[in-house]
Amino acid sequence: MAIKKQVVKTKPVVKVTFSIEAKAANAAAVVGDFNNWNPAEGELSKLKNGTFKATFDLPKDNTFEFKYIVDGTYVNDPQADSYAYNEFAGAENGVLAL
């Protein structure tokens, strides 16, 4: 799993690339505060090496809770900036700081 951040100097956004290795999986998505936890808005594309990946433009100077969904199972990213307990989910979510 990996998170890559690239600040866009001409806009108030950060290009964030999410990737997760899941060779046996059929589908993966990243969901969080930035897309209303909607898997359809966070779909990741499967690459030939078995990694799922996508890049999103997110507003800078924000923090977002997020998780991956891999074949219906929620997964945290060990490279998240931090973690926060979420009462609604009853579990910890990764936190992305931009």
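Whatever comes next refers back to the structure up there.
A. Quick peek at the sheet that holds strand E4 (residues 45-46). Taken in spatial order, the four strands of this open sheet run E1-E2-E5-E4, and their pairing is antiparallel. The open sheet is flanked by strand E1 (2-7) and E4, the only strands paired with a single partner. In this structure, E1 lies alongside strand E2 (residues 13-21), joined through six bridges in antiparallel fashion. The partner of Lys-4 across the bridge, within E2, is Thr-17.

B. Fine view of the nonpolar core. Grouped together as the largest cluster of nonpolar side chains are 21 residues, with contacts concentrated most on Phe-18, Val-30, Leu-44, Phe-66 and Tyr-68. Secondary structure elements with two or more residues in this core: E2, strand E3 (28-32), strand E5 (51-59) and strand E6 (63-70). Setting aside chain neighbours within four positions, we find Phe-18 in contact with Ala-2, Ile-3, Val-30, Phe-34, Leu-44, Phe-52, Lys-53, Ala-54, Phe-56, Phe-66, Tyr-68 and Leu-96.

C. Here's a closer look at the packing of aromatic side chains. One pass over the full model with this rule turns up seven aromatic pairs. For the pair Phe-66 and Tyr-68, a centre-to-centre distance of 6.1 Å together with 90° between the ring planes defines the contact as edge-to-face. You'll find Phe-66 and Tyr-68 in the same group, each marked buried. Cluster of aromatic residues (ring-pair linked, three or more members): Phe-18, Phe-34, Phe-56, Phe-64, Phe-66 and Tyr-68.

D. Molecular detail of the pairing of E6. Burial analysis of E6 places seven of its eight residues in the buried class, the great majority of the element. Pairing geometry for E3 and E6, over five bridges, is antiparallel. Paired with Ala-28 across the two strands is Val-70, which belongs to E6. In the sheet, E6 pairs with strand E9 (residues 91-97) via four bridges, with the strands oriented antiparallel. Counterpart to Thr-63 in the pairing with E9 is Ala-97. In this sheet, strand E7 (residues 73-75) lies alongside E6 in antiparallel orientation, the contact comprising three bridges. When the bridges of E7 are listed, Val-70 appears paired with Thr-73. The antiparallel pairing of E6 with E7 creates a hairpin that spans two residues between the two strands, and Asp-71 there sits at a positive phi of about 45°.

E. Up close: the pattern of salt bridges. One pass over the structure, following the stated rule, counts three salt bridges. A salt bridge links Asp-81 to Lys-5; the nearest nitrogen and oxygen atoms lie 2.7 Å apart. Of the two residues, Asp-81 is situated in the loop between E7 and strand E8 (82-86) and Lys-5 in strand E1; the sequence distance between them amounts to 76 residues. Note on Lys-5: relative accessible area 36%, which makes it partly exposed. Between Lys-15 and Asp-57 there is a salt bridge, with the nearest N and O atoms lying 3.0 Å from each other. A residue pair is termed long-range when its members are at least 10 positions apart, and Lys-15 in strand E2 and Asp-57 in strand E5 qualify at 42 residues. Under the relative-accessibility criterion, Asp-57 is labelled partly exposed at 45%.

Criteria and thresholds
- Residues numbered from 1 in each chain as written.
- Predicted model: local features only at pLDDT ≥ 70, side-chain atom pairs only at ≥ 80, totals over all residues.
- Heavy atoms only, no water.
- Pairing = 2+ DSSP bridges.
- Helix = DSSP H or I, 4+ residues; strand = E, 2+ residues; numbered from the N terminus.
- Core = buried A, V, L, I, M, F, W, Y, C linked by side-chain atoms within 4.5 Å.
- Buried < 20%, exposed > 50% of the residue type's maximum accessible area, 1.4 Å probe, protein only.
- Contact = heavy atoms within 4.5 Å.
- Phe/Tyr/Trp six-rings, centres within 6.5 Å; stacked < 30°, edge-to-face > 60°.
- Salt bridge = Lys/Arg side-chain N within 4 Å of Asp/Glu carboxyl O.

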